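# Observations on the model geometry
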Amino acid sequence: MSVQAADPVKTIVDKALAAIGDIATLPEVTIKIIQIVEDAQSTARDLHDVIKNDPALSVKVLKVVNSAFYGLPGQVASVDRAIVLLGLSAVKNIAIAASIARLFKGKRISEEFTAADLWRHSVSVAVAANTIAKICPNPVMADEIFVAGLIHDIGTLVERQTYPEEFAEVIRRCSAADLDFLQVEREIIGADHQAFGVGLTTKWKFPRHLRAAVGFHHNPDTLSPELRNMAVLIQIADTLSCQEKTGFYLTAKTGTITKEMLDTLSITQAQIDDIRASLPDKLAEAEATLSA
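Aromatic ring pairs are described here by two measures, namely the spacing of the ring centres and the angle between the planes. Applying the stated rule across the entire model yields eight aromatic pairs. An angle of 75° between the planes, with centres 5.7 Å apart, marks the rings of Phe 113 and Tyr 249 as edge-to-face. Taken together, the positions of Phe 113 in the loop between helix H6 (88-101) and helix H7 (115-135) and Tyr 249 in the loop between helix H14 (225-243) and helix H15 (259-265) put the pair 136 residues apart, joining distant regions of the chain. Both residues of the pair, Phe 113 and Tyr 249, belong to the buried class. Here the aromatic rings of Trp 204 and Phe 206 are separated by 5.3 Å at their centres, their planes lie at 45°, and the arrangement is tilted. Each member of the pair, Trp 204 together with Phe 206, is buried. Pairwise contacts between aromatic rings join Phe 113, Phe 167, Phe 181, Phe 248 and Tyr 249 into one cluster.

Nonpolar side chains tend to gather and get buried jointly when the protein is soluble and globular. Of all hydrophobic cores here, the largest spans 75 residues; its most connected members are Ile 100, Ile 132, Ile 154, Phe 196, Ile 236 and Phe 248. Of all the elements, H7 adds the most residues to this core, at 10 residues. Look past the residues within four positions of Ile 236 in its chain and what remains in contact with it is Ile 132, Ile 257, Met 261, Leu 262, Leu 265, Ile 267 and Ile 272.

A separate point is the environment of Ser 110. You can see Ser 110 is positioned in the loop between H6 and H7. The class for Ser 110 is buried, based on a relative accessible area of 9%. For Ser 110, the contacting residues outside a window of four places in its chain are Ala 168 and Ile 171. Among the polar contacts made by the side chain of Ser 110, one reaches the main-chain amide nitrogen of Phe 113 at a distance of 3.1 Å.

Leaving glycine aside, a negative phi is the common case for residues, and trans is the common case for peptide bonds. Its identity is not glycine, yet Lys 205 carries a phi of approximately 60°, on the positive side. One can find Lys 205 in the loop between helix H12 (193-203) and helix H13 (208-216). Note on Lys 205: relative accessible area 64%, which makes it exposed.

What counts and how
Residues numbered from 1 in each chain as written. Predicted model: local features only at pLDDT ≥ 70, side-chain atom pairs only at ≥ 80, totals over all residues. Heavy atoms only, no water. Phe/Tyr/Trp six-rings, centres within 6.5 Å; stacked < 30°, edge-to-face > 60°. Helix = DSSP H or I, 4+ residues; strand = E, 2+ residues; numbered from the N terminus. Buried < 20%, exposed > 50% of the residue type's maximum accessible area, 1.4 Å probe, protein only. Core = buried A, V, L, I, M, F, W, Y, C linked by side-chain atoms within 4.5 Å. Contact = heavy atoms within 4.5 Å. Polar contact = N/O pair within 3.5 Å; in protein donor to acceptor, adjacent residues only side chain to side chain.

Read these as geometric descriptors, not functional statements.
Below, the structure written as structure tokens:
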């Protein structure tokens, strides 16, 4: 997979990333955590030593570990114990989630939507994706899938900050008619949220499969086989959440969940219907867990 965009698009993305401030920089502690987990030589002690120096993150990790989302027996009172129970990768994902949440703050992005709507949609896709991953006969990196869902539309935050008027116009047009959101983005801004998302997650040095899910969840068929399944899973979760009009639902408003997508993951439409029915309750739990 190449995460490099075509030249004109890359120029637009690079210019946007150079212009933004807070969004372009993850907290130092999150960067350290990602580096530790990606290093095969790292231990649970290395991760604990980083987290213990950030009280707010320690609290967030324990809150998530003790939530209904993980369903562990009994209360977990220490970060050490949380790392033992969940593993380095899961705790890394909690740290990323905590860091990402702060980016979805701010005023209205258009007359129709707020920054909170972007966050709600992202959490919905994360929850749906996580639920789908649990029923897939072949594991689809279930440990990472929640974060993949959470960050799949991270490129919209770049657009909101660097092209606010143009992004509002994209929203206006797609709210008024059943148009392809990515095509309208390309016409008005010159690049779509997938391209901005790949640029940002590459800058953050995120793992390759997460960058693939961010950059190709609307067209996963262009990915290599080892990266395709996660992107297809996010595509289904995204389409499902947009069909339910959860939060900012325009990006896949015109999408459909096809038999080919379902066959890729060896799941059925009946299973998707069950997930659709359970999504509101699971979303409410996740929102409560991830709130500050």
